[in-house]
There are 2 protein chains.
Amino acid sequence: MGYMHLGYEPRNDVVCEFYFEHASGVSAKIAAENIAAESSIGTWVDVPGTKKQLGAKVFSIKNNIVKIAYPLDLFEPGNVPQLLSSVAGNVFGMKILKNLRLNDISFPKKYIRSFKGPNIGLNDLRKMTGIKKRPLIGTIYKPKLGLSPGEMEKLAYKVYSNGIDYTKDDENLGSMRFNKFEDRVIKVLNVVDEIKSEQGRQVVYAANITASTDEMLRRAEFVKDHGGKCIMIDILTAGWSGLQTIRNQNFKMIIHAHRASHGAFTHNPKHGISMKVIAKLSRLVGVTGLHTGAVVGKMKGDEREIVEIDNFLRSEWYGLKKTIPIASGGVYPGLIPKIIKILGNDIIINCGGGLWGHSMGAEAGAKAMRQAVDATMEGISLKEYAKDHGELKLAIKQWGC
Amino acid sequence: MGYMHLGYEPRNDVVCEFYFEHASGVSAKIAAENIAAESSIGTWVDVPGTKKQLGAKVFSIKNNIVKIAYPLDLFEPGNVPQLLSSVAGNVFGMKILKNLRLNDISFPKKYIRSFKGPNIGLNDLRKMTGIKKRPLIGTIYKPKLGLSPGEMEKLAYKVYSNGIDYTKDDENLGSMRFNKFEDRVIKVLNVVDEIKSEQGRQVVYAANITASTDEMLRRAEFVKDHGGKCIMIDILTAGWSGLQTIRNQNFKMIIHAHRASHGAFTHNPKHGISMKVIAKLSRLVGVTGLHTGAVVGKMKGDEREIVEIDNFLRSEWYGLKKTIPIASGGVYPGLIPKIIKILGNDIIINCGGGLWGHSMGAEAGAKAMRQAVDATMEGISLKEYAKDHGELKLAIKQWGC
């Protein structure tokens, strides 16, 4: 077929690393070449007019891992859907493969520079909130669905005034019969203003705008018009076209990226697309914060992989601003020291049920979370700190540490 | 937890059928309840303020299949991303599950009516093209990438003038350095006009607009302004937010939906989201045509499932217009009788390599495809028909039948 270039050294190529298992009756080499063909310029049969210089190059095959280099001309600058339709498109459905997983992807500078990256990055978020070193402490309004805007307003005040920096809608909270988007934005942002005048703290509310792109634009404008600093998008169920359009508006607002549905294709270590790839694309497009897992808690997530992803999001990357990792899913105060130890300080820690479910209520839940973070930053064990911090003490009693 | 309602009979609910495997140490019942909780109003711990009437109801568990009914108030009308963030969101990443697959989903009339369905449906496409009974015969320009607009123009004339009804860009053809979107649209649409004046046939060109939503809107307007009848979107890599926005513009153009990347989450029968669910959402939003598989050919696809999906797309569904299934992937003339026998006449048959790779060139490839369809419609075997149709004869010699 002509896609085999073992030993080729990629320079200005997009490079993909795939795990693959070929079907019986096909050699690994043929399978690898077919992946390279289908994801670049070829198909199952040779056709006239093929420009071989555009073909992808298989440059390494080893232990079910194939590495493929793609000439940059195969990709439209600044177009994530086109990239994915190439390297993560038809290849997942080919009969000659039993399994295929896009493990990793890397880009040359020129391609990266065709994207904007975050408009508001990790450092901007720290400046905005005045929180210099410690993790930001966030919460998700719970129950996930059912609260009215008025109820959210009351809850917002309870948690912000007791030390929470950041609140967010849950991933499935749209504009509901019982909770219209505009109503809750107005009410929660009023509380944000209240906290600012009472405590001088700039707290953040991530309003979930997930919808059709036109509606997301309308909702983002609405948040902006009401002084909001942050919009939240379920980036995978909304999709890359919508996310790119929102980013490209330069709203100067935090884009909080929720990854709901990622497990549908990241779960199987032998098939699909890795979370690392999603993380790279998210920073490329330009989200401020991305859910990457809490290591501990109710959601799956391999510790080594999460650490690697978090480190990538916070590393130098051709001048793109940094994305802050969001640790979320089944978090409660007792888990904080471990989360910070593993993931570092440059994170947002989200605690939902582990705050609202506190036996003494939301105010105590907020205080307990803040105490757990403060203790950890001061190098004091939670049990020690709990001796004169009753809320933390109760949280530990309730859920352990 | 309170999500178990065995024997409940759904009425105005959204109903999901999941395949699931629970982790060891958890009962099937607990796992099922956790799926219902996480995809509706709950989390890992009870929180105050929960409105149980909004909770999802597990009404059947049997052989690793759980059926869950969701009150309609959990969903924002006309918002696919919000739906998926609920029923196909966090649930795929829960530690208490080994595997989870959303097999099927059904909607009450009220929810369906909150979407528009196709603007141009199957019947409109038949009226537009004047093709009353037989399948439409389409081709994908090949090689996938590398052709210039001028080369596409020449190829377009070759295939349209020899009986092809419908041509399309490949899924990874964006606006490339060697092939700008606007240039190829102008050139190929000129050929479409030429064919109309020469042969009186309205042929179709599906121009791939896949990009950020704002860019897709611009490209769709461009196609419309130049008299085009069809836009193509890679609906899964672009995402639902973008697709919904394009559909809601009422362009009165065919929306050709390519499903590149679906295999990342449809491939594993035990985990992810089924193609059937994608097909239902696609018709709901309103695509004119959807790639569903060719049964035969280079791509995976279970025959029974494809037939079921194709039948759904063409069935009565609360008054929504019909979506035409597109059979594509490794098709060549010899496969036509089988494809039509299995999938019926109301399809678009796409043939890429099996046309362009014809030993006598593209004109012969186009004729051979048309001959294969004509023979099948007349009830004549391809071998018989090939006796006085040389192009078909050669295709059969090349690839079999």
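Reading guide: rules and limits
- Residues numbered from 1 in each chain as written.
- Chains lettered and ligands numbered in written order.
- Predicted model: local features only at pLDDT ≥ 70, side-chain atom pairs only at ≥ 80, totals over all residues.
- Heavy atoms only, no water.
- Helix = DSSP H or I, 4+ residues; strand = E, 2+ residues; numbered from the N terminus.
- Rg over C-alpha atoms; globule rule 2.2 N^0.38 Å.
- Buried < 20%, exposed > 50% of the residue type's maximum accessible area, 1.4 Å probe, protein only.
- Contact = heavy atoms within 4.5 Å.
- Areas by Shrake-Rupley, 256 points an atom, 1.4 Å probe, with all protein chains shown as cover.
- Lys, Arg positive; Asp, Glu negative; His and termini not counted.
- Charge placed at Lys NZ, Arg CZ, Asp CG, Glu CD.
- Axes fitted to C-alpha atoms, helices over the stretch in contact; angles between N-to-C directions.
- Parallel < 35°, antiparallel > 145°, perpendicular 65-115°, else oblique.
- Left-handed = near helix turned anticlockwise from the far one by under 90°.
- Nonpolar A, V, L, I, M, F, W, Y, C, P; charged D, E, K, R; others polar.
- Pairing = 2+ DSSP bridges.
- Expected span 1.5 Å × (residues − 1).
- Buried area = accessible area lost by both parts, 1.4 Å probe.
- Salt bridge = Lys/Arg side-chain N within 4 Å of Asp/Glu carboxyl O.
- Polar contact = N/O pair within 3.5 Å; in protein donor to acceptor, adjacent residues only side chain to side chain.
- Patch = residues over 30% accessible without salt bridge, like charges linked within 9 Å, V, L, I, M, F, W, Y side chains within 5 Å.
- Phe/Tyr/Trp six-rings, centres within 6.5 Å; stacked < 30°, edge-to-face > 60°.
- Arc of directions from axis to C-beta.
- Domains from an automatic or database assignment.
- Least-squares fit on C-alpha atoms with pLDDT ≥ 70 in both.

Focus on the overall build of chain A
- In terms of regular secondary structure, chain A is built from 17 helices and 13 strands.
- Over its C-alpha trace chain A gives a radius of gyration of 23 Å, about what one expects of a compact globule, namely 21 Å for 401 residues.
- By principal-axis analysis of the C-alpha atoms, chain A measures approximately 75 × 45 × 35 Å.
- With 401 residues in all, chain A has 66% of them scored as buried.
- Counted over contacts in chain A with a minimum sequence separation of 6, partners at least 24 positions apart contribute 74%.
- Of the roughly 13700 Å² of accessible surface on chain A, 49% is carried by carbon and sulfur atoms.
- Here chain A holds 55 positive side-chain charges and 40 negative ones, and the gap between their average locations is 3 Å.

Quick notes on the packing of helix α7 (residues 213–225) of chain A against helix α9 (residues 240–248) of chain A
Residues and elements named next belong to chain A.
- Where α7 contacts α9, the axes come no closer than 10 Å and their chain directions differ by 30°. It follows from the interaxial angle that α7 and α9 lie roughly parallel. You can see that α7 and α9 cross each other, and the crossing is right-handed. Contact residues: T213, M216 and L217 in α7; G242, T245 and I246 in α9.
- Residues of the contact of α7 with α9, tallied by class, amount to 3 nonpolar, 3 polar and no charged.

Some points on the sheet that holds strand β11 (residues 289–291) of chain B
All names here are of chain B.
- An order of β5-β6-β7-β8-β9-β11-β12-β13 is seen for the 8 strands of this closed barrel, with the pairing classed as parallel. Adjacent strand axes in the sheet meet at a mean angle of 25°, parallel and antiparallel pairs treated alike.
- Taken together, the 3 bridges between strand β6 (residues 166–168) and strand β7 (residues 204–208) define a ladder with parallel strand orientation. Pairing of Y166 across the sheet is with V204, part of β7.

Description of helix α6 (residues 181–199) of chain A
All names here are of chain A.
- The terminal C-alpha atoms of α6 lie 27 Å apart, and with 19 residues this matches the ideal 27 Å at 1.5 Å per residue to within 8%.
- What α6 keeps buried is the set F181, E182, R184, V185, V188, L189, V191, V192 and I195.
- The secondary structure elements touched by the buried residues of α6 are α5 (149–160), β6 (166–168), β7 (204–208) and α7.
- A positive backbone phi angle near 75° is found at G200, which sits one or two residues after α6.

With respect to the interface of chain B and chain A
- Each side of the interface is counted separately: chain B has 91 residues, and chain A has 91 residues.
- The contact between chain B and chain A buries some 6900 Å² in all, and 53% of this surface belongs to carbon and sulfur atoms.
- Area buried by chain B at its contact with chain A is led by W44(B), K95(B) and K300(B), which between them contribute 10% of it.
- Across the chain B-chain A interface, the total number found is 8 salt bridges.
- Across the pair K51(A) and E151(B) runs a salt bridge whose closest N-O atoms are separated by 3.0 Å.
- Between the two partners, chain B and chain A, sit 53 residue pairs in polar contact (both at pLDDT 80 or more).

Observations regarding a positive patch on the surface
- A surface patch of like charges, here positive, comprises K196(A), K224(A), K229(A) and K252(A).
- Locating K196(A) in the fold gives a position in helix α6.

Considering the packing of aromatic side chains
- Across all of its chains, the model carries 24 aromatic pairs over all chains by this definition.
- A ring pair is formed by Y332(B) and W399(B), whose centres lie 6.1 Å apart and whose planes are at 35°; its orientation type is tilted. One end of the pair, Y332(B), is in the loop between β12 (324–327) and α13 (336–343); the other, W399(B), is in helix α17 (residues 390–399), and 67 residues separate them in sequence. With respect to class, Y332(B) is no different from W399(B); both count as buried.
- Through a chain of ring-to-ring contacts, the aromatic side chains of Y70(A), F75(A), F107(A), Y111(A), F115(A), F312(A) and W317(A) assemble into a single cluster.

A word on unusual backbone geometry
Residues and elements named next belong to chain A.
- Cis geometry marks the peptide bond from K142 to P143; its omega dihedral reads -5°.
- Along the polypeptide, P143 turns up in the loop between β5 (136–140) and α5.
- With phi around 50°, Y318 is a residue other than glycine that occupies positive phi space.
- Relative to the assigned elements, Y318 resides in the loop between α12 (303–313) and β12 (324–327).

Points about helix α13 (residues 336–343) of chain A
All names here are of chain A.
- Regarding α13, the residues found buried are I336, I339, I340 and L343. The buried side chains of α13 occupy one side of the element, clustering within an arc of 95° when seen end-on.
- In the core, the buried residues of α13 are packed alongside α12, β12, β13 (348–350) and α15 (362–377).
- Phi for G344, located one or two positions after α13, is positive at around 90°.

Quick word on the pattern of salt bridges
- If you walk through the whole model with that rule in mind, you get 46 salt bridges over all chains.
- One salt bridge in this structure joins R126(A) and D346(A), with 2.8 Å as the shortest N-O distance. In this pair, R126(A) sits in helix α4 (residues 122–129) while D346(A) sits in the loop between α13 and β13, placing the two residues 220 residues apart along the sequence.
- Owing to a relative accessible area of 9%, R126(A) belongs among the buried residues under this scheme.
- Each of E38(A), K142(B), K144(B), D170(B) and E171(B) takes part in salt bridges that share partners, so that together they form one network.

Quick notes on the domain arrangement of chain A
All names here are of chain A.
- Each domain of chain A was delimited in the assignment, giving domain 1 (13–112) and domain 2 (122–396).
- Relative to domain 2, the C-alpha centre of domain 1 lies at a distance of 35 Å.
- In this assembly, 22 residues from domain 1 lie in contact with 23 residues from domain 2.
- Both sides together, the interface formed by domain 1 and domain 2 hides about 1900 Å², and carbon and sulfur atoms give 62% of it.
- Between domain 1 and domain 2 we count 3 salt bridges in total.
- With its nearest N and O atoms 2.9 Å apart, the salt bridge here joins K280 to D104.
- Linking domain 1 with domain 2 are 14 residue pairs in polar contact (both at pLDDT 80 or more).
- In terms of residue count, the dominant contributor to the side of domain 1 that touches domain 2 is strand β4 (residues 97–106) (8 residues).
- Classifying every residue of the side of domain 1 that touches domain 2 by side-chain character gives 13 nonpolar, 5 polar and 4 charged.

Description of the pairing of strand β2 (residues 57–62) of chain A
- Two elements, β2(A) and strand β3 (residues 65–71) of chain A, share 5 bridges in a ladder whose sense is antiparallel. Across the sheet, K62(A) pairs through a bridge with I65(A), a residue of β3(A).

Side note on the relation of the copies chain B and chain A
- Note on the identical chains: chain B maps onto chain A by a rotation of 180° and an axial translation of 0.0 Å, with an RMSD of 0.0 Å. Expressed as an axis order, the relation between the two copies is that of a two-fold axis. Considering only C-alpha atoms, the residue of chain B closest to the rotation axis is G239(B), which sits at 1.9 Å.

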